[in-house]
Amino acid sequence: FETVPKHLRRVCVFLAELFSKMYSLRNATKNALRSAIAPSSNGVRAMSSGFWSQVAEAPKDPILGISEAFKADTDPIKMNLGVGAYRDDDGKPVVLDCVRQAEQRIAGNNNMEYLPIGGFPEFCDHSIKLAYGMDAACIKEGRVASVQSLSGTGSCRLMADFMHRFRPEAKIYITKPTWSNHHNIFADAGVQEEIMRYYKPETKGLDFEGLMEDIKTAPKGSFFLLHACAHNPTGVDPNADQWKEISSVMKEKNHFPFFDMAYQGFASGDCVKDAQAISIFLEDGHELGCSQSYAKNMGLYGQRVGCFSLVMNDKNHTSPVNSQMRMIARPMYSNPPLHGALIVSTVLGDPELKSLWYKEVKGMADRIITMRSSLRAELEASGSTLPWQHVTDQIGMFCFSGMTGEMVDRLKDEYHIYMTRNGRISMAGVTSKTGKRLA
């Protein structure tokens, strides 16, 4: 050891001391673990530590947590503009007349047996016709596989698990920003995520150039999660010509589009117009997927009813794909609930009720559009020198205001107005009585 250079001796001494400390720490840790799991005198593990003592408190959901804070607020003039649920001009929840009539027809006329794993067949048939068109070639040719899902969240999760099982190497491109739960859904399914540009804060509009560049530079055969209409949270949608350009480039790159369509009919008031992006992609011959939800456009929030479907380029693929979709659903929730599917099927399957639904969903969309115009007018009349055109340019349930998290906190703390910290305003929560105060 004496022949070893002095600087190397110091290193050796340091390492010897380090290993000694690590060994002591290892033994201390082992002893602590033995004590933690040691059985008590009656042979049962001591409950002071508990089986789940290592479980930390989960962070509050950024959206649903707002409702909890709102409910705890005792101020009579409080406003909840966070959760995306429609309210009438008195700020009250709404049950559509078509839904009430459907419930009356259903009551007492059905048993309570399990649905098949894939759900209520009539419901799936009506849903894909609503999404792809009554006369869509993909439906006529038997190239659509579909299952009833637990609303839009369940549809997205089925897609994520389907990707993970059959295209495990694939990543999902998601817009920045997007509905916060999209990140959770695909991450929990083990699907890697890539971010694509979408929103331009400077204009509070679409970053079309950035979006197209990201689509073009993505590896061939990539998966893209697209909002069919009423983008959440921005309310910014491509126009028809931009959708055509997006479709053309994605077709050239052999990308797979997966549309999350939570607001069909609820955006413009026209179900056909709100599905134009999907129609454009079908016309260009894409294979694609779609998630549908009836929470917003039929007000069936608590029924958790939706549809997950995939369009193939060959009808011989439909049966195998359908069987695997059901195989994924089986251990996840076994089979979907009955009541919501019966309501949707009754409304969409009866010409009179369907016509009433079209009228009512347009009424909801029109009220939100009116609130946008009213809010913009109040903001401009308030003396603000900022531009507010984006309030009316955006579409759907949400207005992406441009406010910072600090501004949102001030609204909550000083004015009892609640919204998500990214500045997203649920326009469905604005009424003719509260718009001026909000401005």
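See the structure printed just above.
Keep in mind that this is a model prediction, so the values were computed, not measured.

Peer 1: Got a sec to walk through the overall build of the chain? Specific residues and values, please.
Peer 2: Looking only at helices and strands, one finds 17 helices and 13 strands in the chain. The proportion of buried residues among the 439 residues of the chain is 46%. Long-range contacts, defined here as pairs at least 24 residues apart, represent 73% of the contacts in the chain between residues at least 6 apart. Looking at the chain as shown, the accessible area adds up to about 22600 Å², and 55% of this sits on carbon and sulfur atoms.

Peer 1: Run through the packing of aromatic side chains, naming residues and quoting values.
Peer 2: What the rule picks out here adds up to 14 aromatic pairs. A ring pair is formed by Tyr 263 and Phe 398, whose centres lie 6.3 Å apart and whose planes are at 90°; its orientation type is edge-to-face. One end of the pair, Tyr 263, is in the loop between strand 8 (256-261) and helix 10 (271-274); the other, Phe 398, is in strand 11 (residues 398-400), and 135 residues separate them in sequence. The same class applies to Tyr 263 as to Phe 398, namely buried. Through successive ring pairs, a cluster of aromatic residues spans Tyr 86, Tyr 263, Phe 266 and Phe 398.

Peer 1: Explain the pairing of strand 9 (residues 288-293) to me, and be specific about the residues and the numbers.
Peer 2: By the criterion of burial, strand 9 is predominantly enclosed, with six of the six residues buried. Here strand 9 shows a buried face lined by Leu 288, Cys 290 and Gln 292 and a second buried face lined by Gly 289, Ser 291 and Ser 293. The pairing of strand 8 with strand 9 spans four bridges and is classified as parallel. Within the sheet, the bridge partner assigned to Met 261 lies in strand 9 and is Gln 292. The pairing of strand 9 with strand 10 (residues 306-311) spans six bridges and is classified as antiparallel. Bridged to Leu 288 within strand 10 is Val 311.

Peer 1: Tell me about the nonpolar core, and please be specific about residues and values.
Peer 2: Phe 123, Tyr 132, Ile 246, Phe 259, Tyr 294, Met 298 and Trp 357 are the most contacted members of the largest nonpolar core, which totals 90 residues. Top element by residues in this core is helix 14 (residues 351-381). It accounts for eight residues. Setting aside residues up to four positions removed in sequence, Met 298 forms contacts with Leu 96, Val 99, Val 344, Val 347, Leu 348 and Trp 357. Counting 29 residues, the second largest nonpolar core, distinct from the first, contains Cys 156, Trp 179, Ile 185 and Leu 225.

Peer 1: Got a sec to walk through the environment of Arg 304? Specific residues and values, please.
Peer 2: Relative to the assigned elements, Arg 304 resides in the loop between strand 9 and strand 10. Using a relative accessible area of 33% as the deciding quantity, one classes Arg 304 as partly exposed. A C-alpha to C-alpha distance of 8.9 Å links Arg 304 and Thr 153, two positions 151 residues apart in sequence. If sequence neighbours within four positions are ignored, Arg 304 has contacts with Ser 149, Leu 150, Ser 151, Thr 153 and Pro 337.

Peer 1: Break down the sheet that holds strand 7 (residues 223-227) for me, citing the residues and quoting the values.
Peer 2: Strand order in this open sheet of seven strands is 2-10-9-8-7-3-4, and the pairing throughout is mixed. The strands lining the two open edges of the sheet, one partner per strand, are strand 2 (144-149) and strand 4 (192-197). Shown here is a sheet whose adjacent strand axes are inclined to one another by a mean of 20°, direction ignored. Across the sheet, helix 8 (residues 208-217) is in contact with strand 4 and strand 7; its angle to strand 4 comes to roughly 140°.

Peer 1: I'd like to hear about the packing of helix 3 (residues 97-106) against helix 14, residue by residue, with values.
Peer 2: Two elements in contact, helix 3 and helix 14, have axes separated by 8 Å at closest approach and are oriented at 150°. Compared by their axis directions, helix 3 and helix 14 come out roughly antiparallel. Only Leu 353, Leu 356, Trp 357 and Glu 360 of helix 14 make contact with helix 3, whose side of the interface consists of Asp 97, Cys 98, Gln 101, Ala 102 and Arg 105. Considered class by class, the residues forming the contact of helix 3 with helix 14 number five nonpolar, one polar and three charged.

Cut-off values and rules
- Residues numbered from 1 in each chain as written.
- Predicted model: local features only at pLDDT ≥ 70, side-chain atom pairs only at ≥ 80, totals over all residues.
- Heavy atoms only, no water.
- Helix = DSSP H or I, 4+ residues; strand = E, 2+ residues; numbered from the N terminus.
- Buried < 20%, exposed > 50% of the residue type's maximum accessible area, 1.4 Å probe, protein only.
- Contact = heavy atoms within 4.5 Å.
- Areas by Shrake-Rupley, 256 points an atom, 1.4 Å probe, with all protein chains shown as cover.
- Phe/Tyr/Trp six-rings, centres within 6.5 Å; stacked < 30°, edge-to-face > 60°.
- Pairing = 2+ DSSP bridges.
- Core = buried A, V, L, I, M, F, W, Y, C linked by side-chain atoms within 4.5 Å.
- Axes fitted to C-alpha atoms, helices over the stretch in contact; angles between N-to-C directions.
- Parallel < 35°, antiparallel > 145°, perpendicular 65-115°, else oblique.
- Nonpolar A, V, L, I, M, F, W, Y, C, P; charged D, E, K, R; others polar.

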